[in-house]
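Residue-level listing of the chains:
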Amino acid sequence: MTDLTRVDEYLHAAPLSGATGEQIGPFTLFRTTTIWPYYVRPVPGGSVVEQGDVERVRERCAELELPLSFEWVVETCPSLGPAAAAAGLSVVEYPLLVLERADFKPVDTAARVEILPAELELLRQARAVASVGFGTPGTDIGEAGAAERDAYEVSDESAHALLERAKAGVAVTAAAFGDDGMLASGVHQPVGTASEIVGVATLPSARRQGLGAAVTSCLVEHAFANGVELVLLSAQNDAVAAVYERVGFHRIGHAGAAE
């Protein structure tokens with residue numbers, strides 16, 4: 001089985017920790033059972049996708065009052081991007097990277113970096129760090145920092161949902177700490193022998209210190225120590241992909257998204 005196939009199968013299984021799957025032609029619509037919306041994916045190894053297939057999903061999402069959103073591996077379903085664009089959706093592609101144990105390059109840092117226990121307030125703060133970080137995209141140093149993190153409101157509903165996922169073992173969070181408290185955070189989501197790293201973010205004021213790479217390294221170590229054999233992720237852009245390549249990730253293709 002190729003890495004692309006393994007990644008595609010993982011990405012199709014991962015949403016089932018928080019959603020149920022409904023088949024619509026060559027797609028699976030993941031209907032959330034949590035507070036967060038999911039998306040539609042082409043069935044791995046499925047047929048060529050046409051504009052009409054996308055339109056049928058649009059109709060079903062309208063019936064269910066769900067947002068229309070697709071995610072896929074471009075190389076395993078190259079027909080979806082053109083079909084989605086023909087249906088009037090906005091299509092983007094991101095670098096898709098993987099890491100196997102033999103290629104792992106642990107990152108050393110002076111900061112304290114650790115896996116967080118399943119504690120409500122720590123997970124709430126990690127989500128605040130991520131939200132502030134993603135509020136200023138890219139890798140450039142910015143002004144937002146600890147004050148913005150502490151002012152960011154994570155709802156009780158969101159925090160408790162994060163706690164339940166942590167307790168269930170379907171989401172593992174790591175964070176980096178400095179003099180101003182939590183500065184960076186990220187998550188890995190294991191399913192069988194694969195896991196995806198998501199949501200790695202650093203407060204803009206704390207960037208360019210290697211904290212994102214250090215959090216990623218911590219998550220990878222935890223994944224490999226707990227039965228995972230392949231770690232994957234999609235990067236926002238080439239500059240962000242370069243951060244992950246420091247840890248040993250290499251590019252195998254592209255993650256597609258349309259909405």
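What comes next is a walk through the structure. (Residues numbered from 1 in each chain as written. Predicted model: local features only at pLDDT ≥ 70, side-chain atom pairs only at ≥ 80, totals over all residues. Heavy atoms only, no water.)

## Topic: the packing of helix H4 (residues 120-135) against helix H6 (residues 156-168)
Piece 1. Contact geometry for H4 and H6: axes closest at 9 Å, N-to-C directions at 110°. It follows from the interaxial angle that H4 and H6 lie roughly perpendicular. For the pair H4 and H6, the crossing hand works out as right-handed. Listed contacts from H6 to Leu-120, Leu-123, Arg-124 and Arg-127 of H4 are Asp-156, Ala-159, His-160, Leu-162, Leu-163 and Ala-166.
Piece 2. Looking at the contact of H4 with H6 residue by residue, the classes come out as 6 nonpolar, 1 polar and 3 charged. (Axes fitted to C-alpha atoms, helices over the stretch in contact; angles between N-to-C directions. Helix = DSSP H or I, 4+ residues; strand = E, 2+ residues; numbered from the N terminus. Parallel < 35°, antiparallel > 145°, perpendicular 65-115°, else oblique. Left-handed = near helix turned anticlockwise from the far one by under 90°. Contact = heavy atoms within 4.5 Å. Nonpolar A, V, L, I, M, F, W, Y, C, P; charged D, E, K, R; others polar.)

## Notes on the pattern of salt bridges
Piece 1. Evaluation of the coordinates by the stated rule reveals 15 salt bridges.
Piece 2. In this structure, Asp-8 and Arg-41 form a salt bridge, with 2.8 Å as the shortest nitrogen-oxygen distance. Within this pair, whereas Asp-8 is found in helix H1 (residues 3-13), its partner Arg-41 is found in strand S3 (residues 40-42), the two being separated by 33 residues in sequence.
Piece 3. On the basis of relative accessibility, which here comes to 6%, the residue Asp-8 falls in the buried class.
Piece 4. The partner of Arg-56 in a salt bridge is Asp-53, and the shortest N-O contact between them spans 2.4 Å. (Salt bridge = Lys/Arg side-chain N within 4 Å of Asp/Glu carboxyl O. Buried < 20%, exposed > 50% of the residue type's maximum accessible area, 1.4 Å probe, protein only.)

## Re unusual backbone geometry
Piece 1. Here Glu-65, not a glycine, exhibits a phi torsion of approximately 55°, which is positive.
Piece 2. Tracing the sequence through the fold places Glu-65 in the loop between helix H2 (51-64) and strand S4 (70-73).
Piece 3. Of note in this structure, Arg-208 is not a glycine but carries a positive phi near 65°.
Piece 4. The topology assignment puts Arg-208 in the loop between strand S9 (194-202) and helix H7 (211-225).

## A word on the nonpolar core
Piece 1. With 38 residues, the main nonpolar core has Leu-99, Ile-197, Val-220, Val-231 and Phe-249 as its most contacted residues.
Piece 2. The leading source of residues in this core is H7, at 9 residues.
Piece 3. Ignoring anything within four residues of it in the chain, the contact list for Leu-99 reads Phe-104, Val-220, Phe-224, Glu-229, Leu-230, Val-231, Val-247, Gly-248 and Phe-249.
Piece 4. In terms of nonpolar packing, the next biggest core, distinct from the first, is built from 19 residues, Val-40, Leu-68, Ala-84 and Ala-258 among them. (Core = buried A, V, L, I, M, F, W, Y, C linked by side-chain atoms within 4.5 Å.)

## Quick notes on the environment of Arg-124
Piece 1. Position of Arg-124 among the secondary structure elements: in helix H4.
Piece 2. When the C-alpha atoms of Arg-124 and Leu-162 are compared, they prove to be 7.9 Å apart, with 38 residues separating the residues in sequence.
Piece 3. Each residue touching Arg-124, except ones within four places of it in the same chain, is listed here: Val-154, Ser-155, Asp-156 and Ala-159.

## So, the pairing of S9
Piece 1. Counting buried residues along S9, 7 of its 9 residues qualify, which places the element largely inside the surrounding structure.
Piece 2. Between strand S8 (residues 181-191) and the antiparallel strand that follows it, S9, lie 2 residues; Gly-192 among them carries a positive phi value of about 60°.
Piece 3. Across 3 bridges, the pairing between S9 and strand S10 (residues 230-234) is parallel. Within S10, the residue paired with Ala-194 across the bridge is Leu-230.
Piece 4. Considered for its hand, the β-α-β crossover made up of S9, H7 and S10 is right-handed. (Pairing = 2+ DSSP bridges. Right-handed = clockwise from strand over helix to strand, strands pointing away.)

## A closer look at the packing of aromatic side chains
Piece 1. By the definition in use, this model includes 5 aromatic pairs.
Piece 2. With a centroid separation of 6.2 Å and 70° between ring planes, the pair formed by Phe-30 and Tyr-39 is classed as edge-to-face. Assigned by exposure class, Phe-30 and Tyr-39 land together as buried.
Piece 3. Both rings, one in Tyr-244 and one in Phe-249, keep their centres 6.1 Å apart while their planes meet at 70°; by these two values the pair is edge-to-face.
Piece 4. Judged by relative accessible area, Phe-249 falls into the buried class, the value being 3%. (Phe/Tyr/Trp six-rings, centres within 6.5 Å; stacked < 30°, edge-to-face > 60°.)

## Brief notes about the environment of Ala-166
Piece 1. Mapped onto the secondary structure, Ala-166 falls in helix H6.
Piece 2. As for Ala-166 and Leu-120, which are separated by 46 residues in sequence, their C-alpha atoms are 9.6 Å apart.
Piece 3. Ignoring anything within four residues of it in the chain, the contact list for Ala-166 reads Ala-118, Leu-123 and Ala-171.

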